[in-house]
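# A look at the structure
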Amino acid sequence: MRIAMIGLGRMGANIARRLMRGGHEVVAFDRKAEAGEALAREGAVAASSLEDVAARLASPRIFWVMLPAGEATEATITALLGLAEKGDIIIDGGNSFYKDDIRHAKACAEKGVSYVDVGTSGGVWGLERGYCMMIGGEKAIVDHLDPIFDTLAPGAGTIPPTPNRERTDASEDPRAEKGYIHAGPAGAGHFVKMVHNGIEYGLMQAYAEGFDVLKGKASEKLPEEERFDLNLTDIAEVWRRGSVISSWLLDLCASALAKDHRLEGFEGKVADSGEGHWTVEAAMEEAVPAYVLSAALFARYRSRVDTTFGDKLLSAMRFGFGGHVEMPQ
């Protein structure tokens, strides 16, 4: 399929590369011309403007927007809607707020344009590992785009089938085992990804606090006979092997600690990209208690005032999976 990738940052460029590796044709555009030129050297068609993007696609055109949530995405979708024709498809693959998706889908429908939201997880590792995708939109359109999603997804790999998951159950999406699902109508994809990121906050906070407790056991505030000078690098490594708390996030902890035992390359002022806040907001709207997710979000706010070793580990994990940098000093 031929698709436009608009926004060639850490994830957008690698999504384009994975698509090209899978045999798709990519029209690449970024406001920084050098980003498009770099992809052109790898086989993409570089466009100089959104108008040029539209001109280089055949109808029905597919526009994938991969930009930060908020003003950049909003302005780009508005501009694309002005260029799009009936039958075209606009995909938002960033981390937009799901209520914005619902609004965008309505605006697109008025012009006969389809809108699809794709919650995309995989970070800087997605080019090789593949991307986990949670997709919202009309079923017929999502099915039409399946070759794109199938190429981007990690595939079944070596993960064994889940016990008791019935392959014949019509209510279950068989594509889940390949790493992507049609979650529901417009907005559902980003809603599921939003909660995914909220859970991510909680998991990361648990690791951060645990390692803080381990590090603190050497504190001079404790009786001397109760002090342990624990090797955090060894502990992270042993927990990776057969432990019930092993995970990719723990892998990132182990890697960061092996590289820098004290994590001195991080200040510990942990940023957040909005999804944790939105998840807690959704929990309040639904009257669902979300103690861990709320505390994890507030811990990030606190880190910008008073940092701990655990906060540095949080920053190290965020840099590890997504290349995210800390809050400006």
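Summarised in this report is the structure supplied together with it. Since this is a predicted model, take the numbers as computed values, not measurements.

## Some details on unusual backbone geometry
Following Ser 59, the chain continues to Pro 60 via a peptide bond in cis, the omega torsion being -5 degrees. By the element assignment, Pro 60 lies in the loop between α3 (50-55) and β4 (62-65). Even without glycine at this site, Asn 164 takes up a positive phi of about 75 degrees. If you trace the backbone, Asn 164 turns up in the loop between α8 (146-152) and β8 (180-184).

## So, the sheet that holds strand β1 (residues 2-6)
One open sheet accounts for eight strands, arranged β3-β2-β1-β4-β5-β6-β7-β8; its pairing is mixed. Of all strands in the sheet, those with a lone pairing partner are β3 (45-46) and β8, marking the two edges. When strand β7 (residues 132-136) meets β8, the two strands line up parallel, connected through four bridges. Across the sheet, the residue bridging to Met 134 is Ile 181, located in β8. Across the sheet, helix α1 (residues 10-21) touches β1, β2 (25-29), β4 and β6 (114-121), and the angle it forms with β1 is around 165 degrees.

Procedures and definitions
Residues numbered from 1 in each chain as written. Predicted model: local features only at pLDDT ≥ 70, side-chain atom pairs only at ≥ 80, totals over all residues. Heavy atoms only, no water. Helix = DSSP H or I, 4+ residues; strand = E, 2+ residues; numbered from the N terminus. Pairing = 2+ DSSP bridges. Contact = heavy atoms within 4.5 Å. Axes fitted to C-alpha atoms, helices over the stretch in contact; angles between N-to-C directions.

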